[in-house]
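Given next are the chains, with one letter for each unit.
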Amino acid sequence: MEDRTFIVDIQEVSKSYRRGAQVLPVLDRISLGIPEGDFLVLMGPSGSGKSTLLNLIAGLDHVDEGRIRVGDLEISSLSESALASWRAFHVGFIFQFYNLIPVLTAFENVELPLTLSGLSSKERREHVETALRLVRLEDRMDHRPKQLSGGQQQRVAIARAFVTDPTILVADEPTGDLDRGSAEEVLNLLEGLSSDLGKTIIMVTHDPRAAKRARTLKYLDKGVLADAPETALAECL
Amino acid sequence: MLLKLLWRNAFRHKLRTALTILGMCVAILAFGLLRTVIDAWHSGVEAAAADRLVTRNAISLIFNLPLSYHEKIRAVDGVKRVSYGNWFGGIYIDEKNFFANLVVEPRSYFEMYPEYTMDDFQRESFLRDRKGCVVGRKLVRRFGWKLGDPITLKGTIFPGNWEMVIRAIYKGKYDSTDEGVLFFHWEYLNETLKKTSPRRADNVGFYVIEVTHPDRAAQVAGEVDQMFRNSRAETLTETERAFQMGFLSMSEALITAIRLISLVVIFIIMAVVANTMIMSVRERMGEYAVLKTLGFGALFLSILIFGESLVICGLGGGLGILMTFPVADLFRQQVGDYFPTFIVKDVTLLLDAAAAILVGTAAGILPAWRASRVRISEGLRRLG
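Summary of the structure given here. (Residues numbered from 1 in each chain as written. Chains lettered and ligands numbered in written order. Predicted model: local features only at pLDDT ≥ 70, side-chain atom pairs only at ≥ 80, totals over all residues.)

Before going further, it helps to examine the overall build of chain A. Check the secondary structure of chain A and you find 8 helices and 10 strands. Taking 18 Å as the expected radius of gyration for a compact globule of 237 residues, we find that chain A reaches 18 Å, a close match to that expectation. For chain A, the spread of C-alpha atoms along the three principal axes comes to 45 × 40 × 40 Å. A total of 237 residues make up chain A; the buried ones form 48% of that total. (Helix = DSSP H or I, 4+ residues; strand = E, 2+ residues; numbered from the N terminus. Rg over C-alpha atoms; globule rule 2.2 N^0.38 Å. Buried ≥ 20, exposed ≤ 12 C-beta atoms within 10 Å, placed from the backbone.)

Another aspect to go through is the interface of chain B and chain A. At the interface, 17 residues of chain B touch 21 residues of chain A. At the level of elements, helix H1 (2-10), helix H11 (285-293) and helix H14 (376-383) of chain B are the ones that each hand at least two residues to the side of chain B that touches chain A. Residue composition of the side of chain B that touches chain A, by class: 7 nonpolar, 6 polar and 4 charged. (Contact = placed C-beta atoms within 7 Å. Nonpolar A, V, L, I, M, F, W, Y, C, P; charged D, E, K, R; others polar.)

Our next topic: the nonpolar core. One finds Ile57(A), Ala159(A), Val170(A), Ile202(A) and Met24(B) to be the most contacted residues of the largest nonpolar core, which totals 116 residues. In contact with Ala159(A), other than residues within four places in its own chain, are Val110(A), Ala131(A), Leu132(A), Leu134(A), Val135(A) and Leu137(A). Counting residues in each nonpolar core, the second largest holds 45 residues, with Ala168(B), Phe183(B), Phe184(B) and Ala221(B) among its members. (Core = buried A, V, L, I, M, F, W, Y, C linked by C-beta atoms within 7 Å.)

Residue and element names in this part refer to chain B. Of all the residues in H1, the buried ones are Leu5, Asn9 and Ala10. Buried positions in H1, seen along its axis, are confined to an arc of 130 degrees and lie on one side of it. Residues Leu3 and Lys4 are exposed on H1 and point more than 90 degrees away from its buried face. (Arc of directions from axis to C-beta.)

With that settled, consider the packing of helix H5 (residues 150-162) of chain A against helix H6 (residues 180-195) of chain A. Residues and elements named next belong to chain A. Contact pair H5 / H6: the axes reach a minimum separation of 9 Å and the direction vectors enclose 15 degrees. What the angle tells us is that H5 and H6 run roughly parallel. Of the two possible hands of crossing, H5 and H6 adopt the one that is right-handed. Two secondary-structure elements touch here, H5 through Gly150, Gly151, Gln154, Arg155, Ile158 and Phe162 and H6 through Ser182, Glu185, Val186, Leu189 and Leu193. Per-class residue counts for the contact of H5 with H6 are 5 nonpolar, 4 polar and 2 charged. (Axes fitted to C-alpha atoms, helices over the stretch in contact; angles between N-to-C directions. Parallel < 35°, antiparallel > 145°, perpendicular 65-115°, else oblique. Left-handed = near helix turned anticlockwise from the far one by under 90°.)

All names here are of chain B. Where helix H10 (residues 252-283) contacts helix H12 (residues 298-335), the two axes come as close as 11 Å, and the packing angle between them is 135 degrees. If you check the angle between H10 and H12, you find them oblique. The way H10 lies across H12 gives a crossing that is right-handed. Contact residues: H10 offers Val273, Met277 and Val281, while H12 offers Ile305, Ser309, Ile312 and Cys313. Of the residues contributing to the contact of H10 with H12, the split by class is 6 nonpolar, 1 polar and no charged.

The subject of this paragraph is the pairing of strand S6 (residues 91-94) of chain A. Residue and element names in this part refer to chain A. Covered by surrounding structure in S6 are Val91 and Phe93 together with Gly92 and Ile94, the residues of both alternating faces. Taken together, the 4 bridges between S6 and strand S7 (residues 168-172) define a ladder with parallel strand orientation. Paired with Gly92 across the strands is Leu169, a residue of S7. (Pairing = 2+ DSSP bridges.)

So this is what it looks like as structure tokens:
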């Protein structure tokens, strides 16, 4: 039953992949509701379907069965091009390997998604400067990704993710490639975006330290939502 | 942002891009030069006037026509002027010093060919001296001649040493006018033949007919040929253009080969640029997936890739076009003696530009198609 109080509502979603003649089920009739402003962490062993579920929520892939609603829109029925337009304004992405465009400066990387928004150049500049100030990189605006540390690059990626003020932020192992100090800094930022700005964040991680920051923790195992094993929960507490 | 991104992408691998631009430059340069060689070959045809006809022996150019035809042709309705001459085929010192040399009835001939311009005094001086000759500026530059210099041509068709003096130097009125020809008096040839080979005297190799209006060319040609039908020497009269084309058809296979080579050059560079673009796009597939993730569509990616390909080809093509002029000059200095003219035409430059755009567009098709079809999850995996 659809619940309008959730910003993300997942109903009976299944997904499988084909490898030749073989069909590999990845998600099996998953149902999940995520309230607005939640900081949800998805954990689980490798191959459990965490990233697949994240991709489906973010509109990067199509469901085989079931429905996904984000905000007021059921995205599971959208075409490829409609999904692309929707993503531009409703989803902010943070990847494990930052995925910044190497030939663009920090400023230009953050400005990139705004070029689809129809804002004027002056408005874009204001948005980008605010976003970079929030991630404390206002003095690195003209640096290219190669000139930044891993942590700094991930902070630029976070600025790029929220500069369009998206409905949800999705993060796939955002601390997976960072040292402890940089990881803490990134997690503090994400936590701040959730608690201070009310952003809805959905994060996939293996890192118990990252999971500790979650307001909601979900555990995925073999394509179904399950109770987290005691050991995993203990590490997060 | 789009322009910034495509420009920076184009110069991401500086060496690779520089080499591709260099390749494009050389290809466009070669294409332009080969086109110019073909144009040079055709320059005689282009220089032909619409109101001039050439009458020759119907069997072959190597057979002569009687001088007596002159007055008969002049009497045909629609004929304004008639001149005549022979291909002399003389050698100056050595066979490698080849240039065209003709014996003509000078007064009528130069009236009919106003594109050969010369000083009035020199013209009169030449007309008065039966052993005088007129040479083009190109020959003067080539052999370092000056007015008053004696020249001896060794006859091949008309044996003997033919001595003459340079009385006039002509220059071409148009770029397409051949400035590499020597003309001397038909009377000099004919008077000499009367003494040495009387049976060959009073014959001409060709008549040139100027008609009152180009529209009457076909009628005049028909009437002239009809007049000498069933005679000892039947005639074939055609427009000067058709006459020149007849010479060209002898070397048509070579011209076709040059044309094919110029197209092959473009095809090869197309493959080189396409390869560069495919390599670049394959390396950046992850970035294209990121752009798609952020909401950029296939059109944006296609413009990005086509734009990059066109930037590389545009720079290479532009450089090639700029280089065409100095290289054509060099080419002209080295082998220009073999061509009446060697001029890079505007249409050649337009073809160069069109070829660069064509290569840039064609080379981008496959990479753009691949990038626009990349699955986001697969592309992102490449980045990991």
